[in-house]
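Spelled out from the first residue to the last, the chains are:
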Amino acid sequence: MNKNRLEAFSDGVLAIIITIMVLELKVPHGATIAALVPLIPVLMSYLLSFIYVGIYWNNHHHMMMLVKKVNGNALWANLHLLFWLSLFPFATAWMGENHYESWPVIIYGCIVLMASIAYFILERTLVKLHGPDSAIAKAYGADTKGKISTAIYILAIAGGFVSSWIGIAGYILVAVIWFIPDTRVEKTLQKEELE
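In this text the structure is predicted, and so the values were computed from the model without any measurement. (Residues numbered from 1 in each chain as written. Predicted model: local features only at pLDDT ≥ 70, side-chain atom pairs only at ≥ 80, totals over all residues. Heavy atoms only, no water.)

Observations regarding unusual backbone geometry
Filter applied, for reference: Put simply, DSSP H or I for four residues or longer makes a helix, DSSP E for two residues or longer makes a strand, and each gets a number counted from the N terminus. Relative accessibility under 20% of the residue-type maximum defines a buried residue, over 50% an exposed one, and the middle range a partly exposed one, all with a 1.4 Å probe and only protein chains included.
Phi at His99 is positive, roughly 50°, even though this residue is not glycine. Here His99 lies in the loop between α4 (88-97) and α5 (102-130). Despite not being glycine, Asp143 has its phi angle at roughly 55°, a positive value. Counting through the fold element by element, Asp143 comes out in the loop between α6 (135-140) and α7 (144-160). According to the relative accessible area criterion, Asp143 is buried, its value standing at 5%.

Listed below in structure tokens is the structure:
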């Protein structure tokens, strides 16, 4: 099966997710800068989630550069990822509206953890489909960065029961780790071109 429909559908869903998140930002009732102050937690939640969606979009795009074909398992694995990403607007709004109280922060963490696991499942599904000597298998290898991120999410969720700010710090740490460009795909593509 051709990968183009999977890519187009994924791009559309991610665009809708960002649109829903921005529509959750309510206009303040006032024309002063002070009227924005109560919105700071909501804006910060939006910023964190926007960065996360951007990271997933970027990494998904890079992954698809290595994909030659998809099958039914890959389509379902991709839908699994999109399901968890589609919950970002809900978790983002709940966390921001409640000023980072423990349960919204913990639930947000559970959703980003599940998105991380779903991305790993998609990655492994595509590696299996393309074989151990494929470009995608070479690029992702053991995926140490992904496993470290998942471990940080688990620690951040557990820390969220102690203080919601421990959870938030963990989620920000993972975003920083992934915000730094991942060059595995570009390096693999360059090697493939030279061979």
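Considering α7
Let me state the cut-off plainly: A helix is expected to span 1.5 Å multiplied by its residue count minus one. Contacts are assigned to residue pairs with any non-hydrogen atoms lying within 4.5 Å of each other.
In this model, α7 (17 residues) spans 24 Å end to end at C-alpha, consistent with the 24 Å of a helix rising 1.5 Å per residue. Contact partners of the buried residues in α7: α2 (40-66), α5 and α8 (164-179).

Focus on the nonpolar core
Put simply, the rule is: Joining through side-chain atoms within 4.5 Å is the link that ties buried Ala, Val, Leu, Ile, Met, Phe, Trp, Tyr and Cys residues into a set, and such a set is a nonpolar core.
Core analysis: the largest hydrophobic core is formed by 54 residues, its most contacted members being Tyr52, Met63, Leu85, Phe88, Leu126 and Tyr171. Per element, the largest residue contribution to this core is 12 residues, and it comes from α5. If sequence neighbours within four positions are ignored, Leu126 has contacts with Met63, Met64, Val67, Lys69, Val70, Ala74 and Ile136.

Considerations on the packing of aromatic side chains
The condition is simple: Aromatic pairing here means that ring centres of Phe, Tyr or Trp (its six-membered ring) are within 6.5 Å. Orientation follows from the plane angle: under 30 degrees is stacked, over 60 is edge-to-face, and everything else is tilted.
Evaluated as defined, the whole model comprises 11 aromatic pairs. Relative to Phe88, the ring of Tyr56 lies with its centre 6.5 Å away and its plane at 80°, an arrangement referred to as edge-to-face. One end of the pair, Tyr56, is in helix α2; the other, Phe88, is in helix α4, and 32 residues separate them in sequence. Residue Tyr56 is classed as buried on the basis of its relative accessible area of 8%. A ring pair is formed by Tyr56 and Tyr119, whose centres lie 5.9 Å apart and whose planes are at 65°; its orientation type is edge-to-face. Note that Tyr56 is positioned in helix α2 and Tyr119 in helix α5, a separation of 63 residues in sequence. Each member of the pair Tyr56 and Tyr119 is classed as buried. Among the aromatic residues, ring-to-ring pairing joins Tyr52, Tyr56, Phe88, Tyr108, Tyr119, Tyr153 and Tyr171 into one connected group.

Some thoughts on the packing of α5 against α8
Note the cut-off: Only the contacting stretch of a helix is used when fitting its axis, a line to C-alpha atoms as for every element, and angles between N-to-C directions run 0 to 180 degrees. Should an angle lie under 35 degrees it is considered roughly parallel, over 145 roughly antiparallel, and from 65 to 115 roughly perpendicular; all remaining angles are considered oblique. Handedness of a crossing is defined here by the sense of rotation of the near helix relative to the far one, left-handed for an anticlockwise turn of less than a right angle and right-handed for a clockwise turn. Note on residue categories: nonpolar means Ala, Val, Leu, Ile, Met, Phe, Trp, Tyr, Cys or Pro, charged means Asp, Glu, Lys or Arg, and polar means any other residue, Gly included.
Between α5 and α8, the shortest axis-to-axis distance is 9 Å and the interhelical angle comes to 30°. With respect to α8, the axis of α5 lies roughly parallel. The chirality of how α5 crosses α8 is left-handed. Counting all contacts with α5, which are made through Ser102, Val105, Ile106, Tyr108, Gly109 and Val112, the residues of α8 involved are Ser164, Gly167, Ile168 and Tyr171. Looking at the contact of α5 with α8 residue by residue, the class counts come to six nonpolar, four polar and no charged.

What to know about helix α9 (residues 184-194)
How we decide: Comment: arc refers to directions from the helix axis out to C-beta atoms.
Here α9 has its buried residues at Arg184, Val185, Thr188 and Leu189. Projected down its long axis, α9 shows its buried positions confined to an angular sector of 125°, all on one face. Residues of α9 that are exposed and point more than 90 degrees away from the buried face comprise Lys191, Glu193 and Leu194. Structurally, α9 contributes buried residues whose contacts are with α2, α6 and α8.

Comments concerning empty space enclosed by the protein
To keep it simple, the criterion reads: Cavities and pockets were defined on a 1 Å grid built over protein atoms only: a cavity is a set of grid points that admits a 1.4 Å probe from which the probe cannot escape, a pocket is an open set flanked by protein on both sides within 12 Å along at least five of seven lines, and lining residues are those with an atom within 4 Å of any such point. Grid points are joined across faces, edges and corners, and a volume is the space filled by probe spheres set on the points.
Following the criterion strictly, the structure yields one cavity of 30 Å³ or more and no others. Together, Met21, Glu24, Leu25, Val42, Tyr46, Pro89, Thr92 and Ala93 line the largest cavity. Elements supplying a minimum of two residues to the lining of the largest cavity: α2 and α4. In terms of residue count, α4 provides more of the lining of the largest cavity than any other element does, three residues in total. Looking at the lining of the largest cavity residue by residue, the class counts come to six nonpolar, one polar and one charged.

No statement about biological role is implied by the geometric values presented.
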